[in-house]
Amino acid sequence: MAKSSADDAELRRACEAAIEGKQKVVLSIRVAKTSGGSAWGKSSKLGRQMAKPRVLALSTKQKGHRTKAFLRVLKYSNGGVLEPAKIYKLKHLSKVEVVREDPSGCTFILGFDNLRTKRTAPPEWTMRNIDDRNRLLLLILNICKDIGGRIPKVVGIDVVEMALWAKENTSTVSTQTHTEVDGPVESAAIFTTETELNVNVEKELVSQAEEEDMEALLGTYVMGIGEAEVLTERLKRELQALEAANVHAILETEPLIDEVLKGIEAATNCVEDMDEWLGMFNVKLRHMREDIESIETRNNKLELQSVNNRRLMEELDGLLQILKIPPEHEAFLTGDKFEEQQMLQSTGALEWLSDAMRGIVATKVDPVYGNMTAVHEKRGELQLLKSTFVFKVTTFLRNYFANFVEYLLKDKNNFSQRGQLKRPDHSELRYKCRTYARLLQHLKMLDKNSLLQLRKNYCSSMNLLLRREACEFANEIRANTKAPRNVAVWLDSPAGAGQNVNSADTSVVSDAYTRMLTVFVPLLVDECSFFAQFMCFEVPIHAPPGGVDEDDDNDDDLGIMDIDEKDGKSGKNPANPPNPDELAALNNSLQDLLDGMQEDFYNVIDWAFKIDPLRCISMHGITERYLFSPKADAAGVVRILLGDLESRISMQFSRYVDEACHHIEKFERNTRQTGVLPYIPRFATLATRMEQYITGQSRDLVDQAYMKFVTIMFVTLEKVAQAEPKYADIFLFENYAAFQNSLYDLANVVPTLAKFYHQASEAYEQACSRHISMIIYYQFERLFQFARKIEDHISNNVQLEEIAFQVGMSKSDLRKTLKASLSGVDKSVAAMYKKLQKNLTSEELLPSLWEKCKKDFLAKYESFAFLVGKIYPTESIPSITEMRDLLANM
């Protein structure tokens, strides 16, 4: 028989180490844990059916004079070390049940009374064999009785069988225990052995007195337990005697049973009679209940009808008040007089009509009232009254606006006249319009479509007034401006004429354009804002700040006043998003209001362009400043107008640039040009003047003109140079040098010109290098031709010592070359200087060109001397120092 884990001392020490010695371990034994109610003969999840290794340890803890007993469950960690999992108090153990589904009898359940509220079944513990099971359970029962004073309920186990097992295995277990433990035994081990092994059946199950009584009783009978067949026959006879006695007793009680049956039958009859009576009473009560419900229903209907009648009378009284038209309001609404003094009296009539229309519409009136004939008739009467009033008001206002504007147009004092510029003043017009502002608001509430034609008529009349004011102002401002009559053609006129024109001051033309913008841009913005609010557009109206009206000395109110200050319904609340339809209608109306206004501004722009095209630069900057000002932000249509003006200015300036470029291209058609082309210095003068005119955001416009001018200039310069290839380089570097000299100051401050300045510098260096190389090779061709042959042989991988033996490369050939080129070197250098000076028209360039020529010649000669020294070391040639001194003395 294998050794039981209950006798494993190492296991017991591991358990004590796991609980850190806080309690004394009495018994430790290995078991298998399965989930309750799922292991035997029942389908469940795989994880619940799998047995998990566990260790059960019985431990005690001494607390004063009391001893507490615990059942600990320990599990193995990943490293195989025991660690606590659960702990149960044995005082709560209420039941020990062996699982009947397990045929081996080794599986049991421990029930604790403090865990009854949990939904999950208690776990099932499976031992290795019956001996381990009995050993553990007997120890648990003994501890419960000794410490708790009670024994839990035992189910599925024969107590007598366990007592016999304990009596048979006591000596064996005791012997094994004493054999395994050598030496002094600690108190914990002794307690465990005594409690676990010395099981006394009589002490645990029956008392000593009960045992003696049972022995005396058994001694009086000769049971013959040794003879099984005799005992069986005896038991059968006793069982038959007991059954016969029971049947006899039953037969003796038959009269009593008859009396009981008679009583039951009488009681049944009484119950049936009672049931009939209750049925009759129930029918009567049901009829009474139905009658009561019917009475209550009729009563509730009468109460509801009474309440409804009372409310109906109140509603009819209110409806009569709505249907009744006050005579004073009716007189105004049906009349034809809408003078200014009557507008204050019209407020009450219009408010009453609006309230009446709102109160009698189908959505506000109950459908029952809406079908009444009186309501239908009254609704038709109010609709007719509204239509008549709207028609009369719109006709009056259309005529009123047209007549008042016509009155203003006839009065010449309202416009600029000869010798007098007059700023447009619409204060009287706006005062007249504000008189009818509230009338327009009520008109919109009554009929939105009535304002469409009225808005068009207002825009048409105001457009005539604004265009007349702009036209007269533009004509007078041009007439009062004294500008030079000569037109400057900067890149085509002779130098003298260009200088005379440049001296004239043409700032007056741009000042005239500025003044016109200063007067009319705020006026148009205010007119747009006034129109939007006066004509009741449901869009936010921005109140622009002071803007850019620098010359505005008039303190009159040209902006918008609140039409309805009491209601606070101004459209200036930016939190309310604008209605897209209203915004589109407003933009269309504003376009009609300002239609054709740009033509008068175009006339001023074209007039200024004819006097001085360069003034387009300053006018472009002024327009940009107004375009991005808060005034323009307040009215999108004014921004569109300014955008058109900016496009017109850009178009005129682009036309001027194209014409100037066309004049530059004319030089290409000439047969031969020498010296500096005229447009080079003229462009410098032009650029200086353009920089003076730059204001605001016009830098991009000027830079684009620079790029177009200089690109055409350089392309034309190259084409003119190709007409005479012999003198092309001289022509190019003279013109590029003139371009750099004339634009040196501007290139330091203008990035665009600086880029072209560097481009001209590179082209100048290239042309100079080509021309100087040509002069040097012309005088010393044989010398440097010999050096080039040496370089060609080296590039062809010919050894240095073999070059002197090549054809035409001998030492005698070298001597002939030196004699032919350097015998009169001073005369050759002088001839080189004269050739450099011969075709040069710009004498100021000669010193720098001669220095560059000497420098390039010395560099080439140094290279020649180096090659000769490596290949012909025995040959003597003039040294570089001698050549440098010779050139320095020339």
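Structure: above.
The structure reproduced in this document is the subject of the present report. Quantities reported herein were computed from a predicted structural model and do not represent experimental measurements.

As for the overall build of the protein
A count of helical and extended segments in the protein gives 34 helices and 8 strands. Residue burial in the protein is summarised as follows: out of 890 residues, 40% are buried. Relative to all contacts within the protein whose residues are 6 or more apart in sequence, the contacts with residues 24 or more apart total 73%. Looking at the protein as shown, the accessible area adds up to about 51100 Å², and 53% of this sits on carbon and sulfur atoms.

Notes on the sheet that holds strand β8 (residues 153–155)
Reading across from one edge, β4-β3-β2-β1-β7-β6-β5-β8 is the order of the 8 strands in this open sheet, with mixed pairing throughout. The sheet terminates laterally at β4 (82–89) and β8, the two strands that pair on one side only. Each neighbouring strand pair of the sheet contributes to a mean axis angle of 35 degrees, computed without reference to strand direction. Examined bridge by bridge, strand β1 (residues 24–34) and strand β2 (residues 52–63) share 9 bridges and lie antiparallel to one another. Across the sheet, the residue bridging to Ser 28 is Ala 57, located in β2. This element, helix α1 (residues 9–18), spans β1, β2, β3 (66–76) and β4 of the sheet and lies at about 95 degrees to β1.

Comments concerning the nonpolar core
Core analysis: the biggest nonpolar cluster contains 153 residues, and Phe 653, Phe 683, Met 690, Phe 709 and Phe 739 have the highest contact counts within it. It is helix α18 (residues 507–534) that provides the largest number of residues to this core, a total of 16 residues. Two domains each put at least three residues into this core: domain 3 (338–459) and domain 4 (668–889). With 31 residues, the next largest nonpolar core counts Val 31, Ala 69, Phe 108 and Leu 110 among its residues.

Structural notes on the packing of helix α28 (residues 751–779) against helix α33 (residues 846–871)
In contact at an axis separation of 10 Å, α28 and α33 are set at 60 degrees when each is read in the N-to-C sense. What the angle tells us is that α28 and α33 run oblique. Handedness of the crossing formed by α28 with α33: right-handed. Only Ser 848, Leu 849, Lys 852, Cys 853, Asp 856, Phe 857 and Lys 860 of α33 make contact with α28, whose side of the interface consists of Tyr 764, Glu 765, Cys 768, Ser 769, Ile 772, Ser 773, Ile 776 and Tyr 777.

Comments concerning the pattern of salt bridges
One pass over the structure, following the stated rule, counts 12 salt bridges. Across the pair Arg 689 and Asp 612 runs a salt bridge, and its minimum N-O distance is 3.9 Å. One end of the pair, Arg 689, is in helix α24 (residues 679–693); the other, Asp 612, is in the loop between α20 (597–611) and α21 (615–627), and 77 residues separate them in sequence. Asp 612 shares its class with Arg 689; the two are buried. Salt-bridge contacts for Arg 699 lead to Asp 703; the nearest nitrogen and oxygen are separated by 3.2 Å. Placement of the pair is Arg 699 and Asp 703 together in helix α25 (residues 699–722), with a separation of 4 residues, close to one helical turn.

Quick word on α1
Listed as buried for α1 are Leu 11, Arg 12, Cys 15 and Ala 18. Taken down its axis, α1 places every buried residue within 120 degrees of arc, on the same side. Residues of α1 that are exposed and angled more than 90 degrees away from the buried face: Glu 10 and Ala 17. Taking the backbone nitrogen of Glu 10 as reference, a side-chain oxygen 3.1 Å away marks Asp 8 as the first, capping residue of α1. Within two residues after α1, Glu 20 carries a phi angle of roughly 60 degrees, on the positive side.

Observations regarding a negative patch on the surface
A contiguous patch of negative charge on the surface is contributed by Glu 272, Asp 273, Asp 275 and Glu 276. Relative to the elements of secondary structure, Asp 275 occurs in helix α9 (residues 254–323).

Observations regarding the pairing of strand β5 (residues 93–98)
In this structure, β5 lies alongside strand β6 (residues 107–112), joined through 5 bridges in antiparallel fashion. Following the sheet pairing, Leu 93 is matched in β6 by Phe 112.

A short note on the state of the cysteines
Simply put, disulfide is the name for a covalent bond between the sulfur atoms of two cysteines. A full pass over the atoms with the stated rule returns 0 disulfides. A disulfide-free cysteine, Cys 528 has its sulfur positioned 9.1 Å from the sulfur of Cys 459, the nearest such atom. Judged by its relative accessible area of 2%, Cys 528 is buried.

Examining the side chain of Glu 469
As for its position among the elements, Glu 469 is in helix α16 (residues 450–480). Judged by relative accessible area, which is 6%, Glu 469 ranks as buried. Among the polar contacts listed, one links the side chain of Glu 469 to the side chain of His 426, at a separation of 2.9 Å.

Considerations on the pairing of β4
Here β3 pairs with β4 via 7 bridges, running antiparallel. Opposite Lys 75, over in β4, you have Glu 83 as the bridge partner. Hairpin connection of β3 to β4: 5 residues between the antiparallel strands, including Gly 80 at a positive phi of 80 degrees.

The rules behind these values
Residues numbered from 1 in each chain as written. Predicted model: local features only at pLDDT ≥ 70, side-chain atom pairs only at ≥ 80, totals over all residues. Heavy atoms only, no water. Helix = DSSP H or I, 4+ residues; strand = E, 2+ residues; numbered from the N terminus. Buried < 20%, exposed > 50% of the residue type's maximum accessible area, 1.4 Å probe, protein only. Contact = heavy atoms within 4.5 Å. Areas by Shrake-Rupley, 256 points an atom, 1.4 Å probe, with all protein chains shown as cover. Pairing = 2+ DSSP bridges. Axes fitted to C-alpha atoms, helices over the stretch in contact; angles between N-to-C directions. Core = buried A, V, L, I, M, F, W, Y, C linked by side-chain atoms within 4.5 Å. Domains from an automatic or database assignment. Parallel < 35°, antiparallel > 145°, perpendicular 65-115°, else oblique. Left-handed = near helix turned anticlockwise from the far one by under 90°. Salt bridge = Lys/Arg side-chain N within 4 Å of Asp/Glu carboxyl O. Arc of directions from axis to C-beta. Polar contact = N/O pair within 3.5 Å; in protein donor to acceptor, adjacent residues only side chain to side chain. Patch = residues over 30% accessible without salt bridge, like charges linked within 9 Å, V, L, I, M, F, W, Y side chains within 5 Å. Lys, Arg positive; Asp, Glu negative; His and termini not counted. Charge placed at Lys NZ, Arg CZ, Asp CG, Glu CD. Disulfide = S-S within 2.5 Å.

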